[in-house]
Structure formats: C-alpha cells, structure tokens
Amino acid sequence: MKILLINGPNLDLLGTREKAVYGPTTLPEIEARAQEKAKALGIELFTFQSNHEGELIEKIHAARSLGIHGILINPAGYTHTSVAIRDALLGVGIPFIEIHISNVAAREPFRQKNLFSDIAVGTISGLGPYGYILGIEALHALLGTETR
Ligand code: CA2
C-alpha cells in the first residue's frame, strides 16, 4: 500500500515557534515517526510539504501516477480557503484523511469554515503529532482490503 502524507503552509515551522498551540515537535520528527509506523505496517510512505498552493495541487495530481492508494493531508491555513486544493482532491478521486494538530473546532470563528471535511473519509483534529500515526493506521485499516 502506498500513502502520501502532505503538509501545507507554515508547518515547516513546527517546533520552532507557536509551541503553545502546535507543540514542540518538528515536522522532520513527525515525518520520521510516520515513516516508522508505515514501515511496521508494510506501507510505502511518501512525504511532502509546501508553502505554495500550486505545488500542493501538483503533488496531489502526481499521486495518481505514483500509484498512491490514500492521502493523509494537513492543508493548514488552506483548510479554510482553498477551493483549488479541494478540487484537486476531488479530481484525482483518491480517498484522503484530513488531519489537524490543534483542535480546530475550539479555535477562532474564521477556522470554522472548512473546505475539506465534507469530502474527507474522516478528520483527525486536536491530537497533536499523534494524529499522524492514527491517520496512517486508519488509512491502512480502511483501505487494506482494496489493496490486498
Ligand atoms: O492545527 C492544524 O494542524 C492547522 O492545520 C494548522 C494551521 C492552521 O491554519 C489550521 O487552522 C489548523 C497553521 C499551521 C501553522 O503552523 C505553524 C507552526 C509553527 C509556527 C507557526 C505556524
């Protein structure tokens, strides 16, 4: 099984600033833990982070030719604004889980608008970096029968 982990804008700053909101763990640490879990489950995990909407869209398009079975995506700030990333995910038709480090439901009103939750397989929010591990486990469990 092949899974693509995508992290959106500013998540490359994790562990360096805003630690009170997002915690002390860096993105390389999150990706390393995700790789460990993927390896244990026999998953080939591809990781990608970008601060650019177009690059995120192009990676989602490329997921088809990479033979990706499922996507785990933290769209970050684009969660609340990007019709274009939503359209890309619908366009490739690859099942995805949406993940957020913070509990978005408990935050500012402008974060209550979400362009992904209604088309995601499911959403993980507020569980910190552990959410990435749960997301990989969930994709493995939910897609397992289709890729065997
Ligand atoms: O909780 C999440 O994972 C978010 O997707 C993070 C986004 C935010 O816009 C979403 O509403 C919820 C922001 C990511 C910014 O990450 C930073 C990390 C460290 C320092 C500054 C920003």
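The shown structure was predicted, so the numbers you read here are calculated from the model rather than taken from an experiment. (Residues numbered from 1 in each chain as written. Predicted model: local features only at pLDDT ≥ 70, side-chain atom pairs only at ≥ 80, totals over all residues. Heavy atoms only, no water.)

Novice: I'd like a description of the pattern of salt bridges, backed by residues and values.
Specialist: Counting across every chain of the model gives 4 salt bridges. For Arg86, the salt bridge identified is with Asp118, shortest N-O distance 2.8 Å. Taken together, the residues Arg86 in helix 4 (residues 83–92) and Asp118 in the loop between strand 4 (96–100) and strand 5 (122–125) connect sequence positions 32 residues apart. The partner of Glu108 in a salt bridge is Arg107, and the shortest N-O contact between them spans 3.7 Å. A single network of salt bridges, built from pairs that share partners, joins Arg107, Glu108 and Arg111. (Salt bridge = Lys/Arg side-chain N within 4 Å of Asp/Glu carboxyl O. Helix = DSSP H or I, 4+ residues; strand = E, 2+ residues; numbered from the N terminus.)

Novice: Please give an account of the site of the ligand that cites residues and values.
Specialist: Around the ligand there are 17 residues in total, and Asn74, His80, Ile101, Ser102 and Arg111 lie nearest to it. Here His80 contributes a side-chain N or O atom positioned 2.7 Å from an oxygen atom of the ligand. One of the side-chain N or O atoms of His100 is found 2.9 Å from an oxygen atom in the ligand. If the ligand stood free it would expose 510 Å²; the protein chains cover 93% of that surface. The residue makeup of the shell around the ligand, split by class, is 8 nonpolar, 6 polar and 3 charged. (Near = heavy atom within 4 Å. Polar contact = N/O pair within 3.5 Å; in protein donor to acceptor, adjacent residues only side chain to side chain. Areas by Shrake-Rupley, 256 points an atom, 1.4 Å probe, with all protein chains shown as cover. Nonpolar A, V, L, I, M, F, W, Y, C, P; charged D, E, K, R; others polar.)

Novice: Now, about the side chain of Arg111: what can you tell me, with residues and values included?
Specialist: Here Arg111 is to be found in the loop between strand 4 and strand 5. Looking at Arg111, the relative accessible area reads 17%, which means it is buried. For Arg111, the contacting residues outside a window of four places in its chain are Tyr22, His80 and Val104. (Buried < 20%, exposed > 50% of the residue type's maximum accessible area, 1.4 Å probe, protein only. Contact = heavy atoms within 4.5 Å.)

Novice: Describe the nonpolar core, listing the residues and the values that go with them.
Specialist: Residues Leu45, Leu72 and Tyr132 are the most contacted members of the largest nonpolar core, which totals 21 residues. Mapped onto this core, the elements with two or more residues apiece are strand 1 (2–7), helix 2 (27–41), strand 4 and helix 5 (130–147). Apart from the residues within four sequence positions on either side, Leu72 is in contact with Leu4, Leu5, Ile6, Ile97, Ile99, Tyr132, Gly135, Ile136 and Leu139. Residues Ile6, Ile85, Leu115 and Phe116 belong to the second largest nonpolar core, which totals 20 residues. (Core = buried A, V, L, I, M, F, W, Y, C linked by side-chain atoms within 4.5 Å.)

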